[in-house]
Amino acid sequence: MSPADRARAWVCLCLKSMPNFPTGGQVPHPTLDTVDLVDQSLRNAGNTYPAPVLEEGDTDPWALPQLKDTGQSWKELSVVSRLRQVVTSLLQACGLLGSLYFFICSLDTLSSAFQLLGSKVAGDIFKDNVVLSNPVAGLVIGVLVTVLVQSSSTSSSIVVSMVASKLLTVQASVPVIMGVNVGTSITSTLVSMAQSGERNEFRRAFSGSAVHGIFNWLTVLILLPLESVAAVLERLSELALGPARLQPQVQAPDILKVLTQPLTHLIVQLDTSVIVGSATGQATNGSLIKRWCSAGEQAIQGNSSGCGAFSPCADRNSSAAEDRLRCRHLFAGTALTDAAVGCILLAGSLLVLCTCLVLIVKLLNSVLRGRVAQAVRTVVNADFPFPFGWLSGYLAILVGAGLTFVLQSSSVFTAAIVPLMGVGVISLERAYPLFLGSNIGTTTTALLAALASPADMMLSAVQVALIHFFFNLAGILLWYLVPAMRLPIPLAKRFGDLTARYRWVAIAYLLLSFLLLPLAAFGLSLAGGVVLASVGGSLVGLVLLVVLINVLQRHRPAWLPRRLRSWAWLPLWLHSLEPWDRLVMRCCPCRVCSPAEATDKDAHCYENPEVLASHQL
């Protein structure tokens, strides 16, 4: 701990005895030259005062909670009590599996709802090849399209179809694939919102969803400029395909859809070839809802339909008359538009999704107690004995890749990990390699799907899948191989602490990361490369300068001019979220959005140099 941190911690312990601050965070500030006093105190703190000791009751918010067993041991129970406990455990297991099944089905239906609402927009976006030639615009389009259709497989199939149709070059498709990889992390962020009712659970759950998105964004920030200059990923994929002789293979079985399609196909069925046809300029039926199905498809409903992610089906709405049968789902004969059906499915799927998440969390809290919780936590978070402890994370990467390959969906896997993090079963340090393995697993799924594509599309499909694989592999080499470079973990913890204090920040992060900032970058790219470079370069330079000044303020304040040693000279709304929080509280005066009282005191202690200066260090 640095001298500055020890000094701040000492003052915060001293302020424990202070009376609670008035509501609204208004505290009378002393009229002293606060910056000078704070700087002088921090410079002398390491030589004068020892490091403080945590008081009893002060716990690390990132430590996994202690799940105590309040029941009797098995030997102390009577026969009737043992029978009751066995029946209760079986019912809880069935409830957990049933909730997980409906949770996965609701994710599938949610994806269909987003496709109905935004599929035509996504297809129209891909039509403008001039815009896609801009790397930043291609990245943004990949993010927006994946957010709109809620399916990285659908977005990848559009890219492959355009590359195979010579409407898009492989070089221009690389930024789009990067955007697809970023956009798929929105699902886990949405899932973490369901645990916002309990502060510490939300801290852990949101940090788990944020670490996935931060990893993807950091990888993009490094590889996108490198790819624009040297085309590294494109050349690696060409090198890997050089000596290969590709032959069409059988479609890999989609185990998850075998289980979920009997239910989801009774709700709605979509013709994804309409999206691909809209992007490639082919004439397709106007409605995305599948109304006519072939006789063979009805016979094998519930199994894989043979339409891979990289080999879109033929237009079944225009099948031959003798092969056509009306599809058996709720909206097969509806007169509603695609947007109306999408809104209905969106509301229903979100309701089922949140209900299942609440049930899963409650059941996990009731099941994971005592010895069961300790056993599960020990197995999941265990490390190999010294000196092989460093291999544990790489084993977790392999486990994440294997489970994602079995489930055939990275969104389902990451969405299942987030609630487990919230209840304290999986730590952030162990979930991080699991997420990285999930990124690798979804690329192997895409690679197998590419090998099952038609012969005329196979080469392009495999090259796009390899680019996706090399992108995630490069991210692991950058942000996991060296322990000191695992920056997504501390950044995710900072986000978790911030959202635990101001819960509305999670919604702001969701809107900014996946909607507003991509739209702004897309608009600047339409104005031309010069405008994008001028505005974007200036903003990036300003952000890097602010980060550098914050680092120097924390570790080397003497290196900065006196004016820059604190942000107190700026208006409060520019260096604190308190004014923004009061504004949000006026619009949403709910207890869930309000910060905790103890957190107010600690944050005021850490962030206000005037309070620091008014107390003897």
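Residues numbered from 1 in each chain as written. Predicted model: local features only at pLDDT ≥ 70, side-chain atom pairs only at ≥ 80, totals over all residues. Heavy atoms only, no water.

Colleague: Got a minute to help me understand the overall build of the protein chain in this structure?
Modeller: From N to C terminus, the protein chain includes 26 helices and 2 strands. A burial count over the protein chain gives 45% of its 617 residues as buried. Within the structure as shown, the protein chain displays about 30,400 Å² of accessible surface, and the carbon and sulfur contribution to it stands at 66%. (Helix = DSSP H or I, 4+ residues; strand = E, 2+ residues; numbered from the N terminus. Buried < 20%, exposed > 50% of the residue type's maximum accessible area, 1.4 Å probe, protein only. Areas by Shrake-Rupley, 256 points an atom, 1.4 Å probe, with all protein chains shown as cover.)

Colleague: Whenever I open this one, the nonpolar core confuses me. Can you help?
Modeller: Side chains that are nonpolar tend, in soluble globular proteins, to be buried together. One finds Phe103, Met178, Ile417 and Tyr432 to be the most contacted residues of the largest nonpolar core, which totals 81 residues. The greatest single-element share of this core, amounting to 12 residues, is contributed by helix α19 (residues 455-479). If you look at the next biggest cluster of nonpolar residues, it comprises 9 residues, including Ala113, Leu270, Ile289 and Val341. (Core = buried A, V, L, I, M, F, W, Y, C linked by side-chain atoms within 4.5 Å.)

Colleague: In this structure, what is going on with helix α16 (residues 391-407)? I would like to understand it.
Modeller: Spacing of three or four residues puts side chains on the same side of an α-helix, whose turn is 3.6 residues. Helix length check: α16, at 17 residues, gives a terminal C-alpha distance of 24 Å against a target of 24 Å (1.5 Å per residue), a fit within 8%. Residues of α16 that are buried include every one of Ser392, Gly393, Ala396, Ile397, Gly400, Ala401 and Thr404, and no others. Of the residues one or two after α16, Gln408 is the one with positive phi, at around 60°. (Expected span 1.5 Å × (residues − 1).)

Colleague: Help me understand the packing of helix α9 (residues 199-230) against helix α10 (residues 232-241) in this model?
Modeller: To characterise two packed helices, one gives the angle between the axes of the helices and the distance between these axes. One can describe the packing of α9 onto α10 by two numbers: an axis separation of 7 Å at closest approach and a directional angle of 70°. Our classification of the angle between α9 and α10 gives roughly perpendicular. Taken together, the residues of α10 that come into contact with α9 (itself represented by Leu226, Glu227 and Ala230) are Val232, Leu233, Glu234 and Arg235. (Axes fitted to C-alpha atoms, helices over the stretch in contact; angles between N-to-C directions. Parallel < 35°, antiparallel > 145°, perpendicular 65-115°, else oblique. Contact = heavy atoms within 4.5 Å.)

Colleague: Would you mind showing me how to read the side chain of Gln463 here?
Modeller: Locating Gln463 in the fold gives a position in helix α19. Within polar-contact distance, the side chain of Gln463 engages the side chain of Ser237 at 3.3 Å. Excluding its chain neighbours within four sequence positions, the residues that come into contact with Gln463 are Val170, Glu234, Ser237, Glu238 and Leu241. (Polar contact = N/O pair within 3.5 Å; in protein donor to acceptor, adjacent residues only side chain to side chain.)

Colleague: Is there a simple way to think about the pattern of salt bridges in this case?
Modeller: This structure, assessed with the given rule, holds 4 salt bridges. The partner of Arg203 in a salt bridge is Asp497, and the shortest N-O contact between them spans 2.7 Å. Residue Arg203 is located in helix α9, and its partner Asp497 is located in helix α20 (residues 488-501); the two are separated by 294 residues in the primary sequence. The partner of Glu429 in a salt bridge is Lys493, and the shortest N-O contact between them spans 2.9 Å. Of this pair, Glu429 sits in helix α18 (residues 428-451) while Lys493 sits in helix α20, placing them 64 residues apart in sequence. On the basis of relative accessibility, which here comes to 39%, the residue Glu429 falls in the partly exposed class. (Salt bridge = Lys/Arg side-chain N within 4 Å of Asp/Glu carboxyl O.)

Colleague: When you look at the packing of aromatic side chains in this model, what are you seeing that I'm missing?
Modeller: All chains considered together, the criterion is met by 13 aromatic pairs. Ring centres of Trp567 and Trp569 lie 6.4 Å apart, and the angle between their planes is 40°; this geometry places the pair in the tilted category. Given a relative accessible area of 38%, Trp569 falls into the partly exposed group. A cation over an aromatic ring shows up here: Arg486 above the ring of Tyr480, its NZ or CZ 3.8 Å from the ring centre. If you follow Arg556 out to its NZ or CZ, it ends over the ring of Trp559, 5.7 Å from the centre. (Phe/Tyr/Trp six-rings, centres within 6.5 Å; stacked < 30°, edge-to-face > 60°. Lys NZ or Arg CZ within 6 Å of the ring centre and 35° of its normal.)

Colleague: Looking at this structure, I do not really get unusual backbone geometry. What am I missing?
Modeller: With the exception of glycine, the majority of residues adopt a negative phi angle, and the majority of peptide bonds are in the trans configuration. The step from Phe386 to Pro387 runs through a cis peptide bond, and the omega angle for that step is 5°. Residue position: Pro387 is located in the loop between α15 (370-381) and α16. In this model, Ala231 sits at a positive phi of 55°, which is unusual for a non-glycine residue. Note on placement: Ala231 falls in the loop between α9 and α10.

Colleague: What's the story with the packing of helix α21 (residues 504-526) against helix α22 (residues 529-555) in this structure? I'm lost.
Modeller: Between α21 and α22, whose axes approach to 6 Å, the crossing angle comes to 140°. The angle between α21 and α22 places the two elements in the oblique class. Across from Ala521, Leu524 and Ser525 in α21, the residues of α22 making contact are Val531, Leu532 and Val535.

Colleague: For this particular structure, what's the right way to read the confidence of the model for the protein chain?
Modeller: Confidence in the prediction of the protein chain, expressed as mean pLDDT, is 74, and 67% of residues score 70 or more. Model confidence for the protein chain, summarised as mean pLDDT per element, is weakest for helix α2 (residues 34-48) at 41 and strongest for α20 at 91. Contacts from residues 296-322, a stretch scored under 50 in pLDDT, to residues over four places away or in other chains number 59 contacts. Across residues 609-617, confidence stays below pLDDT 50; counting only partners more than four residues off in sequence or on other chains, it has 25 contacts. (pLDDT = per-residue confidence, 0-100.)

Colleague: Would you take a moment to explain the environment of Ala332 for this structure?
Modeller: For Ala332, the position within the fold is in the loop between β2 (324-326) and α14 (338-367). Ala332 sits 40 residues away from Trp292 along the chain, and the two C-alpha atoms are 7.9 Å apart. If near-sequence neighbours (up to four positions away) are discounted, Ala332 is found in contact with Arg291, Arg326 and Cys327.

Colleague: How do you make sense of the environment of Ser209 when you look at a structure like this?
Modeller: Of note, Ser209 is situated in helix α9. The sequence separation of Ser209 and Thr187 amounts to 22 residues, and the corresponding C-alpha distance is 8.5 Å. When sequence neighbours within four positions are dropped, the list of residues in contact with Ser209 reads Ser188, Thr189, Ser192 and Val418. Side chain to side chain, Ser209 and Ser192 meet in a polar contact 3.5 Å long. One polar contact links the side chain of Ser209 to the main-chain carbonyl oxygen of Phe206, over a distance of 2.8 Å.

Colleague: Would you explain the state of the cysteines in this entry?
Modeller: As used in these notes, a disulfide is a covalent bond between sulfur atoms, one from each of two cysteines. Following the criterion strictly, the structure yields 0 disulfides and no others. No disulfide involves Cys105; its sulfur sits 8.8 Å from that of Cys356, the nearest cysteine. Assessed through its relative accessible area of 4%, Cys105 is described here as buried. (Disulfide = S-S within 2.5 Å.)

Colleague: Would you mind showing me how to read the environment of Arg328 here?
Modeller: Examined against the element boundaries, Arg328 turns out to sit in the loop between β2 and α14. Since its relative accessible area comes to 57%, Arg328 is described here as exposed. Separated by 36 residues in sequence, Arg328 and Trp292 place their C-alpha atoms 9.0 Å apart.

Colleague: It is not clear to me how α10 should be interpreted in this structure. Could you clarify?
Modeller: All of the buried residues along α10 are Leu233, Glu234, Ser237 and Leu241. Angularly, the buried residues of α10 cover 100° about the axis, an arc narrow enough to put them on a single face. Opposite the buried face of α10, by more than 90 degrees, sit the exposed residues Arg235 and Leu239. (Arc of directions from axis to C-beta.)

Colleague: I keep staring at the side chain of His468 and nothing clicks. Help me out?
Modeller: Turning to its location among the elements, His468 is positioned in helix α19. Look at His468 and you get buried, because its relative accessible area is 7%. For His468, the side chain forms a polar contact with the side chain of Asn181, separated by 2.7 Å. With sequence-adjacent residues up to four places away left out, His468 is seen in contact with Ile177, Asn181 and Thr443.

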